[in-house]
Amino acid sequence: MGDATDDDILAATGVERAKGLFAALNNDAANLFVTLSARRLNNSLNIVARAEEESSEIKLKQVGANFVVAPSRAGGHRMAQAMLHPTATDFVDLATKRTNLELELMEIAIPADAELGGITFAEIYGKDTHGLIIVAVKKAAGEMKFKPPASYEIEKGDILIVLGTGHAITHL
């Protein structure tokens, strides 16, 4: 289509109606400019941006990136995890990549009009979790609660981070 740093080209792609955008060009300045322009065109856009320099990560967040990925840092961290915790690293690979296990790591947003508000995990499943693991809950204010107990009451605005088969997740 053209140069994504050109506002007219960016607008022509339909960014105003898009749900998400990857700013993954070959330099931080271009990704910064695309992020800034895209945010201006669509305030609710989910923007994932790539950064090579640490200083660019902060700037990308400041101009509107929801999430910033630093490939060299992420790669180094991944290598260290594989060296220090190889079995845990294997598990994460199995759980998050398409494999025969059919496991998915997903997030489920509880909307304001959801019937689940005030219900505990125990009430939803009783004793049968269908193999679903509630890994964490992100509260509307941004606080993350890891491994919430079965007695945790789901609140409207919560985002559940779950691990399980697609079948188990749809039962939620």
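Note that the structure is predicted; figures quoted are calculated from it, not measured.

J.: Teacher, can you tell me more about the overall build of the chain here?
T.: When helices and strands are counted, the chain shows seven helices and seven strands. What you see in the chain, going N to C, is helices and strands ordered as α-β-α-β-α-β-α-α-β-α-β-β-β-α. In the chain, which comprises 172 residues, the proportion classed as buried is 29%. Look at the contacts in the chain between residues 6 or more apart in sequence, and 55% of them connect residues 24 or more apart.

J.: Help me understand the sheet that holds strand S1 (residues 20-23), please; the structure alone is not making it clear to me.
T.: In a beta sheet, neighbouring strands pair by backbone hydrogen bonds and run either parallel or antiparallel. Taken in spatial order, the three strands line up as S1-S2-S3 in an open sheet, and their pairing is parallel. What marks the edges here is a single partner per strand, and that holds for S1 and strand S3 (67-69). Neighbouring strand axes in the sheet, compared pairwise and without regard to direction, differ in orientation by 15° on average. Where S1 and strand S2 (residues 46-50) come together, four bridges link them in parallel fashion. Across the sheet, Phe22 pairs through a bridge with Val48, a residue of S2. Where helix H3 (residues 54-62) meets the sheet, its contacts fall on S2 and S3, and the angle it forms with S3 comes to roughly 155°.

J.: Explanation requested: the pairing of strand S7 (residues 159-165) in the structure shown.
T.: The two faces of a sheet get side chains in turn, since along a regular strand they alternate between them. Here S7 lies mainly inside the structure; five of its seven residues are buried. As paired elements, strand S4 (residues 103-109) and S7 share seven bridges and run antiparallel to each other. Bridging across to S7, Ala109 finds its partner in Ile159. As paired elements, strand S5 (residues 133-138) and S7 share five bridges and run antiparallel to each other.

J.: Explain the nonpolar core here, please?
T.: Among soluble globular proteins, nonpolar side chains are generally buried collectively. Core analysis: the largest hydrophobic core is formed by 13 residues, its most contacted members being Val15, Leu21, Ala38, Leu45, Ile47, Leu60 and Ala65. Of all the secondary structure elements, the ones that give two or more residues to this core are S1, helix H2 (28-41) and S2. Once residues lying within four places of it in the same chain are set aside, the contact partners of Leu45 are Val15, Ala18, Lys19, Gly20, Leu21, Ala38, Arg39 and Asn66. Ranked by size, the runner-up nonpolar core spans 11 residues in total, among them Ile110, Ala114, Ile134 and Val162.

J.: Hey, could you run me through the environment of Ser56 in this one?
T.: If you trace the backbone, Ser56 turns up in helix H3. In this structure Ser56 comes out as buried when scored by relative accessible area, which is 13%. Sequence-wise, Ser56 and Ala70 are 14 residues apart; in three dimensions their C-alpha atoms are separated by 9.5 Å. Excluding residues within four positions of it along the chain, Ser56 makes contact with Asp28 and Ala51. Separated by 2.8 Å, the side chains of Ser56 and Asp28 make a polar contact.

Procedures and definitions
- Residues numbered from 1 in each chain as written.
- Predicted model: local features only at pLDDT ≥ 70, side-chain atom pairs only at ≥ 80, totals over all residues.
- Heavy atoms only, no water.
- Helix = DSSP H or I, 4+ residues; strand = E, 2+ residues; numbered from the N terminus.
- Buried < 20%, exposed > 50% of the residue type's maximum accessible area, 1.4 Å probe, protein only.
- Contact = heavy atoms within 4.5 Å.
- Pairing = 2+ DSSP bridges.
- Axes fitted to C-alpha atoms, helices over the stretch in contact; angles between N-to-C directions.
- Core = buried A, V, L, I, M, F, W, Y, C linked by side-chain atoms within 4.5 Å.
- Polar contact = N/O pair within 3.5 Å; in protein donor to acceptor, adjacent residues only side chain to side chain.

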